[in-house]
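Structure at a glance
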Amino acid sequence: MNLEKLVRPNIWKLKPYSSARSEFKGEASVFLDANENPYNYPYNRYPDPLQWNLKEKIAKIKQVRPTQIMLGNGSDEPIDLIFRIFCEPQKDNVVAIDPTYGMYEVCAGINNVEYRKVFLNDDFSLNAEKLLKATDDNTKVIFLCSPNNPTGNLLNRDEMLKVVTQFSKIVIIDEAYVDFSSERSWLTELNNYPNLIVLQTFSKAWGLASVRCGLAFASEEIITFFNKVKYPYNINLLTQEFVSKQLDKEPEKNRWVKTILKERSRLQSELENLSMVKKIYPSDANSLLVRVDNANETYQYLVDKGVIVRNRNSVSLCLNCLRITIGSPEENTVLLNELKSLK
Ligand SMILES: *Cc1c(COP(=O)(O)O)cnc(C)c1O
């Protein structure tokens, strides 16, 4: 893979903003280099633009090098940066599975980049050949998401591998739900495939959606481009310190995941008994995609009862489907009781 052919020429040539904090690194007793206020320590100081303390900690947990990590304001930031780094507006295109996470298409639109959707099979499985056929010389990026959203299913690993090995440009694997999955992460393959970018997030299993911290993992060379294009201080000090502390709660995260998985099984078996439920799709995520008699009516009925699920009726291949997030045991019981009293 020749990265120079993939990165937009203006980004390849870009001389990034050099902040005071990146020009001088190290210990000193007097800092008069950044026009900071000398009072109100530590918030008066600009934070580490590359968040090394936090990345060191994440690297140990994820078994990668700190230089293979980019941290963003949620995964949404690296998704947007991928377009800005690789895709020339009105010329390049990206290919993605359909249905999938809506932000890829929104970011393509914002960046004026053609977004090519390739239907998954009826059971939401991936056909690598069909996906690859939709690519052409101007395709810079392929988006995969596994476990997928809103469907919840894992994509077949061998089919994904075909995409990663047969497409010589950038392949994104979004693993927002990897902690809920029985399948292992693609992070272990990072050193084998220089075209791979793996996305993860603290928003789901770690219970930190409000904190806005997402992760992109890739080769050191790709990460240098993320670092060039991102805002210099994209992760503030409060977030860096707070996420670092939260990482010490990994055992608690694992207990949450265990409870959620147990509840996913319970919800599935109880939903199966309801006559309005036509199909429950297999899930490796913290949600169930459920086909019902009439999704719009069921959605509105639940809203009136104060229970909000996601109506996916108008999404490709998801006619009459609701996406139900697995809540606490109590919340799930409320949902089940409301649905049982419907019929
Ligand atoms: C929820 C989700 C994310 C996470 O987005 P954040 O911006 O990190 O909160 C990313 N990808 C998928 C597929 C998701 O469902």
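Described below are features of the structure shown in this document.

The rules behind these values
Residues numbered from 1 in each chain as written. Predicted model: local features only at pLDDT ≥ 70, side-chain atom pairs only at ≥ 80, totals over all residues. Heavy atoms only, no water. Salt bridge = Lys/Arg side-chain N within 4 Å of Asp/Glu carboxyl O. Buried < 20%, exposed > 50% of the residue type's maximum accessible area, 1.4 Å probe, protein only. Helix = DSSP H or I, 4+ residues; strand = E, 2+ residues; numbered from the N terminus. Arc of directions from axis to C-beta. Contact = heavy atoms within 4.5 Å. Polar contact = N/O pair within 3.5 Å; in protein donor to acceptor, adjacent residues only side chain to side chain. Pairing = 2+ DSSP bridges. Right-handed = clockwise from strand over helix to strand, strands pointing away. Phe/Tyr/Trp six-rings, centres within 6.5 Å; stacked < 30°, edge-to-face > 60°. Lys NZ or Arg CZ within 6 Å of the ring centre and 35° of its normal.

**Remarks on the pattern of salt bridges**
- One pass over the full model with this rule turns up 23 salt bridges.
- Two residues, Arg-45 and Glu-36, come together in a salt bridge whose shortest N-O distance is 2.5 Å.
- Looking at Arg-45, the relative accessible area reads 25%, which means it is partly exposed.
- A residue is classified by how much of its surface remains accessible, and Glu-36, at 15% relative accessible area, is buried.
- Salt-bridge contacts for Lys-253 lead to Asp-179; the nearest nitrogen and oxygen are separated by 2.9 Å. Of this pair, Lys-253 sits in helix H11 (residues 250–272) while Asp-179 is found in the loop between strand E5 (170–174) and strand E6 (196–201), placing the two residues 74 residues apart along the sequence.
- Here Lys-253 falls in the buried class, since its relative accessible area comes to 6%.

**Describing helix H10 (residues 237–246)**
- Along H10, the residues that are buried comprise Thr-239, Gln-240, Val-243, Ser-244 and Gln-246. The buried side chains of H10 occupy one side of the element, clustering within an arc of 160° when seen end-on. Opposite its buried face, H10 presents the exposed residues Leu-238 and Lys-245, each directed more than 90 degrees away.
- At its buried positions, H10 is contacted by helix H4 (52–62) and H11.
- The N-capping residue of H10, defined by a side-chain oxygen 2.9 Å from the backbone nitrogen of Leu-238, is Asn-236.

**Topic: the environment of Met-103**
- Tracing the backbone through its elements, the reader meets Met-103 in helix H6 (residues 103–110).
- Sequence spacing of Met-103 and Asp-80 is 23 residues, and the spatial spacing of their C-alpha atoms is 8.7 Å.

**Points about the pairing of strand E3 (residues 114–119)**
- One ladder, built from six bridges, connects strand E2 (residues 93–98) with E3; its direction is parallel. Within E3, the residue paired with Asn-93 across the bridge is Glu-114.
- Considered for its hand, the β-α-β crossover made up of E2, H6 and E3 is right-handed.

**A short note on the side chain of Asn-44**
- With respect to the helices and strands, Asn-44 occurs in the loop between helix H3 (20–23) and H4.
- At a separation of 2.7 Å, a polar atom in the side chain of Asn-44 contacts the main-chain carbonyl oxygen of Asn-37.
- Look past the residues within four positions of Asn-44 in its chain and what remains in contact with it is Glu-36, Asn-37, Pro-38 and Tyr-39.

**Considering the packing of aromatic side chains**
- All told, the structure shown has eight aromatic pairs when counted by the stated rule.
- For the pair Phe-83 and Phe-143, a centre-to-centre distance of 5.7 Å together with 20° between the ring planes defines the contact as stacked. With Phe-83 in helix H5 (residues 76–86) and Phe-143 in strand E4 (residues 139–145), the pair connects residues that are 60 residues apart, well separated along the chain. You'll find Phe-83 and Phe-143 in the same group, each marked buried.
- Ring plane angle 20° and centroid distance 4.6 Å describe the contact between Tyr-104 and Phe-143, whose orientation is recorded as stacked. With Tyr-104 in helix H6 and Phe-143 in strand E4, this pair connects stretches of sequence that are 39 residues apart. Take Tyr-104 and Phe-143: they sit in the same class, and that class is buried.
- The positively charged end of Arg-21 is found above the aromatic ring belonging to Phe-31, 5.2 Å away from the centroid.
- Above the face of the Trp-186 ring, Arg-157 is positioned so that its terminal group lies 4.4 Å from the ring centre.

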